[in-house]
Amino acid sequence: MQKILFATSEVYPLIKTGGLADVAASLPRALLKLGQDVKILLPAYTSVMENTKSVGVKEIAKLEVDGYSVSLKQTRLPGTKVSVWLVDVPELFAREGNPYCGPDGNDWYDNHKRFYLFARVAELIALDKAGQNWQPTIVHCNDWQTGLIPALLSLHPNHPATVFTIHNLAYRGLFSYQAFAELNLPTAFWHHERLEFYGQLSFIKGGLAFADFITTVSPSYAREIQLPEFGNGLDGLIAYRNDSLAGILNGIDTDEWNPGTDPHLTCNYNRRTLANKTKNKLALQEELGLAIDASIPLLGFVGRLVDQKGVDLILEQMNQFLNLNCQLVVLGSGFPHYEQALKNIASQHPKKVAVTLGYNESFAHRIEASSDMFLMPSIFEPCGLNQLYSLRYGTLPIVHAVGGLRDTVFESPDDAGEVKSNGFVFSVAAAQELFSTIRRACDLFQQKDQWKQRQANAMSKDFSWDVSAKEYVAIYEQITAQ
Ligand code: ADP
Ligand code: GLC
């Protein structure tokens, strides 16, 4: 059994901006189920303190770290047995809203200090210097916010083994030299083989250069990030570390995302009661003021409205799309120019396109259940969870074949019968390709038997953590044995 300190900057349902929060909740649960001793380490943001009130929070240590008074607190992930340790430093973390940026949408001015201090506390716990009599054998870090942890631990001869998981390489945690100088880091770290990145400080390089093992969230993304096209300037370093790199596909929380029991739906359904899925669609069409008609294909999109998600492709083909007999429902927030463009289209075509800006967990579930198809034309996608939720909900994904989308959605079956078609796929990130694929999907929607077969293929696939969590344990065992 390993003792795992799982360091993350977000975890559902305490604080969430994207898929990292879902993974940080469901992977530790799966590890616990496999008999591992796992504790999540999370900053005590305002919403975290509010969302843990029902389960109770108690202080377990007071620490003085680099001039900050830190209260280490213990709580539990609501609805689970997973322990969560909170790093409570009010002047750094007691802020409302998004964990990384202020209400104006700009990054917090002191993010380097916030996630440096978070890393320092992780370092103390990892070295059993936080007075808990619990020393992890593995410190599992996630994304740039935790990148300094492996770097700091490398300074100690007998430190626990470290794993660094890349959820998204596009966020490199970049700061100025001035920021580096403000942190209490050894000057030797200012080197292109360590934390320096073309004259800037990169937090993610701490994970990439110093962790014992690097993982990313799908096999295809693990290959892609070794290439300049997807490497964000870090492809050389990642390719160099290729011997210690694996792509492990994310699982999903199959209790939270279960169309048979999902409390957010108008009507629950499963593989055998797909007619009930249509009731969700009719209710959503009515609620959003779309034409109420089960025979019109309904496409869903839920996600961050940023370049990564292929919003440009959706917008570029919109005139052609509007000529098809289908509807689109969008839920998302992000760059103002995308929000505005989508809102304009919805106001001009209210019976065909409905756009809701903002973040709404319950509405996301209803879109997954109500749509016939789910749009994910991402330019790159480390794993993607929404297409997995869609498959489970019998909502056929329309995807660009990249990263985790390539590994989970298939249009052409293979001869051996191992790969069954469960969605629609295009291989070049171009608006015309997206449009042709949407048209193919709409055509197939009229072939009821073939459509049902594809839905059955989608819904029968196992996306639980059972397999992937074991792959993580195998890596933990490999690196602690070394
Ligand atoms: P990413 O992590 O890149 O944003 P993923 O597909 O891995 O993409 O995960 C996104 C997660 O965030 C999903 O659980 C999705 O439902 C959720 N999500 C994204 N945007 C919204 C939104 N506006 N409202 C509700 N949930 C959202
Ligand atoms: C990132 C990626 C997404 C992935 C998620 C969880 O946010 O953009 O593809 O599913 O992390 O690993």
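Residues numbered from 1 in each chain as written. Chains lettered and ligands numbered in written order. Predicted model: local features only at pLDDT ≥ 70, side-chain atom pairs only at ≥ 80, totals over all residues. Heavy atoms only, no water.

Because each turn of an α-helix spans 3.6 residues, side chains separated by three or four positions in sequence point in the same direction. For helix H19 (residues 448-460), spanning 13 residues, the distance from its first C-alpha to its last is 18 Å, which sits close to the expected 18 Å at 1.5 Å a residue. Within H19 the residues assigned to the buried category are Trp451, Arg454, Gln455, Asn457, Ala458 and Met459. Against the buried residues of H19 lie helix H11 (275-288), strand S16 (373-376), helix H16 (386-392), strand S17 (396-400), strand S18 (424-426) and helix H18 (431-445). (Helix = DSSP H or I, 4+ residues; strand = E, 2+ residues; numbered from the N terminus. Expected span 1.5 Å × (residues − 1). Buried < 20%, exposed > 50% of the residue type's maximum accessible area, 1.4 Å probe, protein only. Contact = heavy atoms within 4.5 Å.)

This part covers the domain arrangement of the protein chain. Domain annotation of the protein chain identifies domain 1 (3-251 + 465-481) and domain 2 (271-459). Between the C-alpha centres of domain 1 and domain 2 the distance comes to 32 Å. Contacts between domain 1 and domain 2 engage 20 residues on the former and 17 residues on the latter. Between domain 1 and domain 2, the buried area comes to about 1400 Å², and carbon and sulfur atoms account for 57% of it. Per-residue buried area on domain 1 facing domain 2 is highest for Lys16, Ser220 and Leu249; these three make up 24% of the total on that side. Our enumeration of links across domain 1 and domain 2 arrives at 1 salt bridge. In this structure, the salt-bridge partner of glutamate 361 is lysine 16, at a minimum N-O distance of 3.3 Å. Seen at the junction of domain 1 and domain 2, the total is 8 residue pairs in polar contact (both at pLDDT 80 or more). Of all the secondary structure elements, the ones that give two or more residues to the side of domain 1 that touches domain 2 are helix H1 (19-33) and helix H8 (219-224). Top element by residues in the side of domain 1 that touches domain 2 is H8. It accounts for 4 residues. Taken together, the residues of the side of domain 1 that touches domain 2 sort by class into 9 nonpolar, 8 polar and 3 charged. (Domains from an automatic or database assignment. Buried area = accessible area lost by both parts, 1.4 Å probe. Salt bridge = Lys/Arg side-chain N within 4 Å of Asp/Glu carboxyl O. Polar contact = N/O pair within 3.5 Å; in protein donor to acceptor, adjacent residues only side chain to side chain. Nonpolar A, V, L, I, M, F, W, Y, C, P; charged D, E, K, R; others polar.)

Within a regular beta strand, the side chains point alternately toward one face of the sheet and then the other, so they alternate between its two faces. Most of strand S14 (residues 327-334) is tucked away, with 6 of its 8 residues classed as buried. Note that strand S13 (residues 298-305) and S14 share 8 bridges and pair parallel. Looking at S14, one finds that valine 302 is bridged to leucine 331. Here S14 runs beside strand S15 (residues 353-357); their pairing, made up of 5 bridges, is parallel. (Pairing = 2+ DSSP bridges.)

With that settled, the discussion passes to the site of ligand 1. In the neighbourhood of ligand 1, 21 residues make up the surrounding shell, with Gly19, Asp22, Arg304, Lys309 and Gly358 lying closest. Between glycine 358 and ligand 1, the recorded distance is 2.8 Å, taken from a backbone N or O atom to a nitrogen atom. Alone, ligand 1 offers 560 Å² of accessible surface; in the complex the protein occludes 94% of this. Broken down by element, the residue count for the shell around ligand 1 peaks at 3 residues, all from S13. Grouping the amino acids of the shell around ligand 1 by side-chain chemistry returns 6 nonpolar, 9 polar and 6 charged. For the shell around ligand 1, the domains that each give at least three residues are domain 1 (3-251 + 465-481) and domain 2 (271-459). (Near = heavy atom within 4 Å. Areas by Shrake-Rupley, 256 points an atom, 1.4 Å probe, with all protein chains shown as cover.)

Bringing the layout of surface pockets into the picture now. Approximately 350 Å³ is the volume attributed to the second largest pocket. Forming the walls of the second largest pocket are 15 residues, and the residues nearest its centre are Arg29, Ala30, Lys33, Trp465 and Asp466. Contributions of two or more residues to the lining of the second largest pocket are made by H1 and helix H20 (466-481). Top element by residues in the lining of the second largest pocket is H1. It accounts for 5 residues. A per-class count over the lining of the second largest pocket returns 6 nonpolar, 3 polar and 6 charged. (1 Å grid on protein atoms, 1.4 Å probe; cavity = no way out; pocket = protein on both sides within 12 Å on 5 of 7 lines; lining within 4 Å. Points joined across faces, edges and corners; volume = space filled by probe spheres on them.)

Core analysis: the biggest nonpolar cluster contains 161 residues, and Leu42 and Leu72 have the highest contact counts within it. Per element, the largest residue contribution to this core is 10 residues, and it comes from helix H4 (residues 111-126). Counting contributing residues, this core receives three or more from each of domain 1 (3-251 + 465-481) and domain 2 (271-459). Those residues in contact with leucine 42 that sit more than four places away from it in its chain are Thr8, Ser9, Glu10, Val11, Leu14, Ile15, Val48, Val84, Trp85, Leu86, Val87 and Phe118. (Core = buried A, V, L, I, M, F, W, Y, C linked by side-chain atoms within 4.5 Å.)

A few words now on unusual backbone geometry. A cis amide bond links tyrosine 12 with the next residue in sequence, proline 13, at an omega value of 5°. When you line up the elements, proline 13 lands in the loop between strand S1 (3-7) and H1. Residues other than glycine seldom take positive phi values, yet aspartate 66 does so here, at roughly 50°. Within the fold, aspartate 66 resides in the loop between strand S3 (58-65) and strand S4 (68-76). For aspartate 66, a relative accessible area of 31% gives the class partly exposed. Even without a glycine there, the phi angle at aspartate 128 is positive, about 60°. Along the chain, aspartate 128 falls in the loop between H4 and strand S6 (138-142).

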